[in-house]
Amino acid sequence: MASALAVLRAELGPRYAPVSADVPLLSNLSVFQNIALIRQYHERLTAEDSYRDTNALLERFELCHLAGKRSFELSDRDLFFVKLLRASQRKEAAIVIDRPFAQIENMHTLAPIRKALQLLDFPGVEGIILGYEWNRGRYESDGQ
Amino acid sequence: MNTASWIEKLGGAVIENWRELRQLLGFAYTVFRRLFAPSSYRPLTVDILTTQIYFTAVQILGFFIVVSVLFGSLFIGMTLFVIKEIGLTSYIGQFIAGVVVLEMAPLVTVLLIALRSGSAINAEMAVMKANRELDALTAFDIDIARYLFLPRIIAVMVSVVLLSSLFAIIVTLSGLLFSALIFGMGVNAYADLIAKAIEYKDFLILMVKSAAFGFFITFIPLYYGSRAGYQLTAVPVAVLRGMVNVFIAIVVIEVLSLVARFL
């Protein structure tokens, strides 16, 4: 799977936005800072400029209560969605979700992830889900 | 050991050291290129720089002032007493300017900052490497030299220069107190002695030396920390190697500055 991610990274270039267990949040930053970091770095936003947008994003996903927390304080599910929000901050992001069922325990269908991707209605954003062929049934279990 | 295996061992060591040197020089080139590139200085860099100066210079300030007062006063008091005993009173200015301000101030400061911030930076980088956080930054096209290395290097350089100057000021004031107590010297006479003993060149040496200390006690931990392995057991090894090399760098800079002063 690591090689599949490497191929996608090479193909997608600056749009590559991974949500993977191998691409962790920075442990010395809060959830808010992890999400804001991407645009602060690439779009040279000040902390004040990025504050409003990051806050709005957390509100949209009803994750404001996580804003000040560090990665070790998060559940699997929270960690996954924070990584998803971070990935969405790349310009025209191609969000590559690596083996979602391995990242969130006790998730039986992809419905919560599909719903989250629909909420990320930024221009040019697309979602790519990577999984094993033998797990296809589980990916299709919500009829999509 | 026969000659062939001895030569093989020597060759292996040379190749290994050459490889290490090339990596170190490559790392230094990357850091210097970012240091002088205006594009490196974005609002985020300035935010991190401010935070790092706070961690390095401001958080330690109370403790540093106490150490400066205690250590400086003890050292000045004892030495001035000896100077009086051996009848070298006229050399007080040269002693305070030459030994205390130019040598002791940067050395004590850099040892304190290296022990506190240098080791913290070394461990932070090694842990980030082991946790794949450095890879995560690269995956999002965030240049770790710009985002992590540059603000830390500049912050520690600024902090060492400022704290060395503060140490020099505190110890010079201690000298004033002890000169009055031991020699019955007035403020004007003391200020006159110090002014005659210090040249502008000395201030320049103090600043350059402190900045060089600051650079190397950050650069070396960053290098060894970011080159650690992906296992958590690599963290203490990286810190150990980094801090031993920091100590060597401090000794080398100290020797070079002494040579520069007396040439």
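None of the values given here were measured: they were computed from a predicted structure. (Residues numbered from 1 in each chain as written. Chains lettered and ligands numbered in written order. Predicted model: local features only at pLDDT ≥ 70, side-chain atom pairs only at ≥ 80, totals over all residues.)

Undergrad: Before we move on, can you summarise the domain arrangement of chain B with the specific residues and values?
TA: Residues and elements named next belong to chain B. Along its sequence, chain B is carved into domain 1 (1-36) and domain 2 (43-262). The C-alpha-based centres of domain 1 and domain 2 are spaced at 29 Å. Taken together, the contact between domain 1 and domain 2 spans six residues of the former and seven residues of the latter. Looking at side-chain class alone, the side of domain 1 that touches domain 2 contains four nonpolar, one polar and one charged residues. (Domains from an automatic or database assignment. Contact = placed C-beta atoms within 7 Å. Nonpolar A, V, L, I, M, F, W, Y, C, P; charged D, E, K, R; others polar.)

Undergrad: Tell me about the environment of Leu8(A), residues and numbers included.
TA: Residues and elements named next belong to chain A. Note that Leu-8 resides in helix H1 (residues 2-12). In this structure Leu-8 comes out as partly exposed when scored by C-beta crowding, with 17 C-beta atoms within 10 Å. Sequence separation between Leu-8 and Ala-94 is 86 residues, and the spatial gap between their C-alpha atoms is 9.6 Å. When near neighbours in sequence (up to four residues on either side) are disregarded, Leu-8 contacts Tyr-16, Val-96 and Ile-128. (Helix = DSSP H or I, 4+ residues; strand = E, 2+ residues; numbered from the N terminus. Buried ≥ 20, exposed ≤ 12 C-beta atoms within 10 Å, placed from the backbone.)

Undergrad: Explain the sheet that holds strand E2 (residues 94-98) of chain A to me, using residue names and the numbers behind them.
TA: Residue and element names in this part refer to chain A. Spatial ordering of the open sheet is given by E1-E2-E3, a layout of three strands whose pairing is parallel. Bordering the open sheet on either side are strand E1 (16-19) and strand E3 (126-130), each of which pairs with just one other strand. Each strand axis lies, on average, 25° off the axis of its neighbour in the sheet, ignoring direction. Sheet topology places E1 next to E2; four bridges connect them, and they run parallel. Of the residues in E2, the one forming a bridge with Tyr-16 is Ala-94. Against the sheet, helix H4 (residues 76-88) contacts E1 and E2, and its axis sits at roughly 175° relative to E1. (Pairing = 2+ DSSP bridges. Axes fitted to C-alpha atoms, helices over the stretch in contact; angles between N-to-C directions.)

Undergrad: Outline the packing of helix H8 (residues 200-226) of chain B against helix H9 (residues 234-262) of chain B, listing residues and values.
TA: Residues and elements named next belong to chain B. H9 packs onto H8 with a crossing angle of 160° between their chain directions and a minimal axis gap of 9 Å. Considering the angle they form, H8 stands roughly antiparallel to H9. Handedness of the crossing formed by H8 with H9: right-handed. Taking contact as the criterion, the partners of Ile-205, Lys-209, Ala-212, Phe-213, Phe-216, Ile-217, Ile-220, Pro-221, Tyr-224 and Gly-225 in H8 are, on H9, Ala-238, Arg-241, Gly-242, Asn-245, Val-246, Ala-249, Ile-250, Ile-253, Ser-257, Ala-260 and Arg-261. In terms of residue class, the contact of H8 with H9 is built from 14 nonpolar, four polar and three charged. (Parallel < 35°, antiparallel > 145°, perpendicular 65-115°, else oblique. Left-handed = near helix turned anticlockwise from the far one by under 90°.)

Undergrad: Got a sec to walk through helix H6 (residues 144-183) of chain B? Specific residues and values, please.
TA: Residues and elements named next belong to chain B. Helix length check: H6, at 40 residues, gives a terminal C-alpha distance of 56 Å against a target of 58 Å (1.5 Å per residue), a fit within 8%. Of all the bends in H6, the greatest, near 30°, is centred on Leu-150, and the proline Pro-151 appears no more than four residues after it. Within two residues after H6, Gly-184 carries a phi angle of roughly 65°, on the positive side. (Expected span 1.5 Å × (residues − 1). Bend = angle between axes of the 7 residues up to and from the residue.)

Undergrad: Just give me the short version of the interface of chain A and chain B, but keep the residues and values in it.
TA: Opposite the 15 residues of chain A that make contact, chain B presents 13 residues. With three residues, the top contributor of residues to the side of chain A that touches chain B is helix H2 (residues 31-42) of chain A. Here the residues of the side of chain A that touches chain B sort into nine nonpolar, three polar and three charged.

Undergrad: Tell me about the nonpolar core, and please be specific about residues and values.
TA: General note: in soluble globular proteins, nonpolar side chains tend to be found buried as a group. In terms of nonpolar packing, the biggest core is built from 93 residues, with Ile95(A), Val101(B), Phe216(B) and Ile217(B) touching the most fellow members. Discounting residues that sit within four places of it in the chain, Phe216(B) has contacts with Val246(B), Ala249(B) and Ile253(B). (Core = buried A, V, L, I, M, F, W, Y, C linked by C-beta atoms within 7 Å.)

Undergrad: Please provide a residue-by-residue account of the environment of Asn55(A), values included.
TA: Residues and elements named next belong to chain A. Looking at the secondary structure, you find Asn-55 in helix H3 (residues 47-60). We classify Asn-55 as partly exposed; it has 15 C-beta atoms within 10 Å. In the structure, Asn-55 is positioned 86 residues away from Ser-141 in sequence and 34 Å away in space, judged by C-alpha atoms.

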